[in-house]
Amino acid sequence: KMESELPRAADAWLAVVIFSKDRPCQLLCSLVSLLRHVRGVALDISVLYKASQPTFAESYFVVESLFQRRLYPSFAPVEWHWMEETDETSLGKLLDSMLARVREKTTTVLLTVDDALWFNDFNAAAAMQLLKSDNRIYSVHAKLCPRIEYAHPNDKFMRVPPFSHFSLHQSTDSKEEGEKISPDLLIFEREKGEYDWNYPWELSASLYRLESVEEVIQAIRSEFGSGAVDHPNHLEGYGVRLLKQQKLPSAKSSKYCACVTDPVVKVVTVNRVQSLFDNPVYSQSDGSEISVDELDQVLRYALLQAGLADGDAAADVLAQKLQGSDGWWKSYLKGVETLELQPWTRNFDLSRQWPPNLLNRVAMMYSTTYLDSVHVPLPCTMVNMVAMVAMDWTSPDFQHPIVSWLMPVKDTPSKWLDLALDSIERQEGMVPGSWELIAVDDGSSQVETKETLAAWSKRPFIQVIEGLATSGIAAALNEGWKRCRGKYVVRLDGDDCAHPQRLKKQIGFLENHPSIAVLGGGFCTFEDGDPRSLPASSLKRYRMPCHPILTRWRMIFSCSLAHPSVIFRRSVFDNGNSGPYPEGREAEDHWCWLSLALELPIANLADVLSFLRRHRGSRSSQAAEALQNSSFQAVQSFLRSFQLELKEEDVKVLWGKANADSAEQVDRVSKALDTLEAAFLNMVRTGTTPNGQHFAEGFDEDFLKSRRAALVDYVTSSCSRLRGALAVQSLASGEVDVGAAMMKHWLKGGDAGLKSLGALIQSGYSTQ
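Each value, and the rule that gives it
Residues numbered from 1 in each chain as written. Predicted model: local features only at pLDDT ≥ 70, side-chain atom pairs only at ≥ 80, totals over all residues. Heavy atoms only, no water. Helix = DSSP H or I, 4+ residues; strand = E, 2+ residues; numbered from the N terminus. Buried < 20%, exposed > 50% of the residue type's maximum accessible area, 1.4 Å probe, protein only. Contact = heavy atoms within 4.5 Å. Areas by Shrake-Rupley, 256 points an atom, 1.4 Å probe, with all protein chains shown as cover. Core = buried A, V, L, I, M, F, W, Y, C linked by side-chain atoms within 4.5 Å. Pairing = 2+ DSSP bridges. Axes fitted to C-alpha atoms, helices over the stretch in contact; angles between N-to-C directions. Parallel < 35°, antiparallel > 145°, perpendicular 65-115°, else oblique. Nonpolar A, V, L, I, M, F, W, Y, C, P; charged D, E, K, R; others polar. Right-handed = clockwise from strand over helix to strand, strands pointing away. Salt bridge = Lys/Arg side-chain N within 4 Å of Asp/Glu carboxyl O. Left-handed = near helix turned anticlockwise from the far one by under 90°. Expected span 1.5 Å × (residues − 1). Polar contact = N/O pair within 3.5 Å; in protein donor to acceptor, adjacent residues only side chain to side chain.

J.: How should the overall build of the protein chain be read in this particular structure?
T.: Per the secondary structure count, the protein chain includes 25 helices and 29 strands. Every one of the 768 residues in the protein chain was classed for burial, and the buried ones make up 56%. If you take every contact in the protein chain between residues at least 6 apart in sequence, the share linking residues at least 24 apart comes to 78%. With an accessible surface of roughly 31,000 Å², the protein chain has 48% of that area assigned to carbon and sulfur atoms.

Following this line, the structure appears as structure tokens:
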């Protein structure tokens, strides 16, 4: 673009700083993806790179040439600044130069790294607007979304904080493709999260106010010396340390951060180019890293292929297209023609296309895959990943209907029923005949409800069943279950609404993870209107624990599946066609989940799958106390399978709803925790349940193999926190003898207990 064509307003520009060392191949892939997916703003891109040997310097020269010739599409004006770190020009000096240059142009900086790969559109304009309009927000983390619950560098499962919505009034239009980019962001209080969720200053893919970046750099130099910002890891590590010590005024007053609603970028962690921190990387099958030298050779091979010719002819073609003479290119490509490609390159795009785009296919795989970590491997070594591709429902491989929607109805207003049905009919990827609706009238007396159900009964793909007014919802659901023919049974209440992508995501997950028996998801609550078109800021979002072991564990202390969001694998519940719900129980869903055999895994997706209506007439409003008491009884029943006899008051203590009032109660609760901890740790370590049953085939590979140590830590730490909290609560309430007894049980955990006390004192305690 000519200078006269470039935007002038400060909010129109986003300064991008990307750090790179010895990884020109990964830099190329990162920049191509960034140009494609960072939308809504003009980009001032500063590439701060360092080459430790001549071969990398040559490849950086090539990558710079590719972008200076503007060979890759972008959706906004771009200015490039290539800045090399040398012995004479430190990283700190480069940062000073960059900040001085952009100060009059923008108020916001995106800090990122060369192994960050963008795969979905990111509305940078919305992120900049949030930072401009809300001083509570310290940073916007493009790398975070509600799916993230595992910290790969720490090998830990994280506490994910609650979210609230920020939304611009209108989406940003992409005129080139006629699509809309979501402006929605989620706001969270960072101190309510752990690890990635409480790491507000980082370099991989986050936006900051320009003044905050300058403040961090100045504070690091004041505290640690002028050269302390000359290494990216020091820049990040020292910055986080000062922020945690509350030595950064802007962070001290900005307690919140923001993230995206859906994933847009991942850090492809296949090698390490620094030695300051021993961060883990995803290795190949033989345990080795994919070296930067190997990737540099792959880059040269890709350029040879992109030259659309062989041998010296390719060098001539590249010399015409890019900087460098044909002789220079012949030297650069020497020996590459006979390169033996390794198995990990099979998902690279090494075809004869110009310009080269090595990880385009990989980016597409990430965009259709459920990932629970910021740091990911290449697809050839991926674990715990599930492609959520659109299914071909017309294929003879699928029986019809694929899905049976199961909906209980009792005096639900017609307009609510119509909205629920519309959300079923508008499921993405579904075709007529691929679904059926089984609506069970649980004793309705309202005329409009009966008329609506009568009209439904005349429509194809809908069955309306008359239930008994006194039978209860569990009996109604079981009666409807008997009529379900689909491979999957999907729950939805008549006053709720399904997200348009619910089936696409849930069935995609289940088709790729046949070990999962029941799958729930996140949800939003609303009061009136169509939640699919309401501003996100008017909805309240809820997230459940997602990993199957976490979901099972949390089920003992709360109901960790939202009933209107679940989908069942019907074949798992082949029990004489009687239905899965225990009848005569108020909390029929919690009883159902806890009565499932432990070898039948349950899980959640973090994505919003359903919209739940909040109104005074709902069961959750009218029978809240009865529902909770029924849940306590369900937990009691579950614990009996471990030969544990707990009273309802004991379960209240486990749930944090009451304090222990006697040493005998302390002993009962502690014994329960000891037994549960031992059972779950054995399941994680051996893949065997207490009754000797193994998990379904594929479960260990998909969910245990790469997460075993983190799951052991999660269960152990959770028990320790519970013991510590109970001890502190008892002491605080004046029950010294009871508190001392609980303290004795707690300290049996050794160092883990002491660490939990520190965490308890620092951040407070919640059983949730």
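Moving on from the model shown.
J.: How do you make sense of the environment of T55 when you look at a structure like this?
T.: Following the sequence through the fold, T55 ends up in helix α2 (residues 54-68). A residue is classified by how much of its surface remains accessible, and T55, at 32% relative accessible area, is partly exposed. Sequence spacing of T55 and Y332 is 277 residues, and the spatial spacing of their C-alpha atoms is 8.5 Å. Leave out the neighbours within four places in its chain, and T55 touches D296 and R300.

J.: I keep staring at the nonpolar core and nothing clicks. Help me out?
T.: Within soluble globular proteins, side chains that are nonpolar tend to cluster in buried spots. Ranked by size, the top nonpolar core spans 129 residues in total, and within it L14, L43, I45, F67, W118, F122 and W201 carry the most contacts. Discounting chain neighbours no more than four positions away, the residues touching F67 are L28, L31, V32, L35, Y72, W80 and W82. Grouped together as the second largest cluster of nonpolar side chains are 102 residues, V440, C484, W553 and A672 included.

J.: Just to check I follow, could you spell out the pairing of strand β26 (residues 518-526) for this structure?
T.: The side chains of a regular strand alternate between the sheet's two faces. Most of β26 is tucked away: nine of the nine residues are buried. Alignment of β26 against strand β28 (residues 567-569), held across two bridges, turns out to be antiparallel. Its bridge partner lying in β28, L519 is registered against I567.

J.: Whenever I open this one, the packing of helix α5 (residues 210-224) against helix α6 (residues 232-244) confuses me. Can you help?
T.: The packing of two helices is summarised by the inter-axis angle and the distance between the axes. It is the contact of α5 with α6, at a shortest axis distance of 10 Å, that shows an interaxial angle of 85 degrees. Taken together, the axes of α5 and α6 lie roughly perpendicular to each other. Contacts from V216, I217, A219, I220, E223 and F224 of α5 reach α6 at H234, L235, Y238, G239, R241 and L242. Among the residues forming the contact of α5 with α6, the class breakdown is eight nonpolar, two polar and two charged.

J.: Would you mind showing me how to read unusual backbone geometry here?
T.: Glycine aside, the phi torsion of most residues is negative, and most peptide linkages are trans. Following W354, the chain continues to P355 via a peptide bond in cis, the omega torsion being -5 degrees. By the secondary structure assignment, P355 is in the loop between α10 (326-332) and α11 (360-367). One non-glycine residue, Y195, adopts positive backbone phi at about 50 degrees. Among the structural elements, Y195 can be located in the loop between β14 (185-189) and β15 (205-209). One non-glycine residue, Q246, lies in positive phi territory at about 60 degrees. Inspection of the secondary structure puts Q246 in the loop between α6 and α7 (249-253).

J.: I keep staring at the pairing of strand β22 (residues 435-441) and nothing clicks. Help me out?
T.: Of all seven residues that make up β22, seven are buried, and the element is covered over most of its length. Side chains of β22 alternate between two faces, with W435, L437, A439 and D441 and E436, I438 and V440 buried alike. Each parallel crossover has a hand, and for strand β21 (residues 403-409) linked through helix α12 (residues 414-425) to β22 it is right-handed. Sheet topology note: the β22/strand β23 (residues 462-466) ladder contains five bridges and is parallel.

J.: Sorry, what's going on with the sheet that holds strand β6 (residues 116-118) here?
T.: By definition, the strands of a sheet pair up through backbone hydrogen bonds, in either a parallel or an antiparallel sense. The strand order β6-β17-β19 describes an open sheet built from three strands, whose pairing is mixed. Each edge of the open sheet carries a strand with a single partner, namely β6 and β19 (375-376). Sitting on the sheet, helix α1 (residues 24-37) is in contact with β6 and β17 (265-268), with an inclination near 35 degrees to β6. Against the sheet, α11 contacts β6, β17 and β19, and its axis sits at roughly 75 degrees relative to β6.

J.: Would you take a moment to explain the sheet that holds strand β11 (residues 164-166) for this structure?
T.: As summarised here, the arrangement of the nine strands in space is β4-β3-β1-β5-β15-β8-β16-β14-β11, forming an open sheet in which the pairing is mixed. The open sheet is flanked by β4 (78-84) and β11, the only strands paired with a single partner. Averaged over all pairs of adjacent strands, the angle between their axes in this sheet comes to 25 degrees, without regard to strand direction. Contacts from helix α4 (residues 124-133) reach β1 (13-21), β5 (108-113), β8 (137-141), β11, β14, β15 and β16 (256-260) within the one sheet, and its direction differs from that of β8 by about 170 degrees.

J.: Help me out: how do you make sense of the side chain of S46 in this one?
T.: In this structure, S46 sits in strand β3 (residues 42-50). Excluding residues that lie within four positions of it along the chain, S46 makes contacts with V16, V17, I18, H81, M83, M98 and R101.

J.: Just checking my understanding: could you explain the pattern of salt bridges for this structure?
T.: Pairs can form between side chains of opposite charge whenever their charged atoms are close. Using the criterion set out here, one finds 39 salt bridges in the structure. With a closest N to O distance of 2.9 Å, E436 and R485 form a salt bridge. Of the two residues, E436 is situated in strand β22 and R485 in the loop between α14 (473-483) and β24 (488-491); the sequence distance between them amounts to 49 residues. Note that D441 is salt-bridged to K450, the shortest N-O span being 3.8 Å. Through salt bridges with shared partners, a single network forms among D44, E79, R101 and K105.

J.: Honestly, the packing of α2 against helix α8 (residues 292-306) in this entry has me stumped. Any pointers?
T.: Two numbers describe how α2 lies on α8: the axes approach to 11 Å, and their chain directions differ by 45 degrees. What the angle tells us is that α2 and α8 run oblique. Here the hand of the crossing between α2 and α8 comes out left-handed. Counted together, T55, F56, E58, S59, V62, V63 and L66 of α2 and V292, D293, D296, L299, R300 and L303 of α8 form the full contact between these two elements. Of the residues belonging to the contact of α2 with α8, the class tally is seven nonpolar, two polar and four charged.

J.: Any chance you could explain α6 here in plain terms?
T.: Owing to its 3.6 residues per turn, the α-helix brings residues three or four apart onto one side. In a regular helix each residue adds 1.5 Å, so 13 residues correspond to 18 Å; α6 covers 18 Å between its end C-alpha atoms and thus fits that length. For α6, every residue scored as buried is listed here: N233, L235, Y238, G239, V240, L242 and L243. Considering only its buried residues, α6 is in contact with β1, α3 (91-102), β8, α5 and α7.

J.: How should the side chain of R147 be read in this particular structure?
T.: Within the secondary structure, R147 sits in the loop between β8 and β9 (150-151). A residue is classified by how much of its surface remains accessible, and R147, at 6% relative accessible area, is buried. A distance of 3.3 Å separates a polar side-chain atom of R147 from the backbone oxygen of T369.

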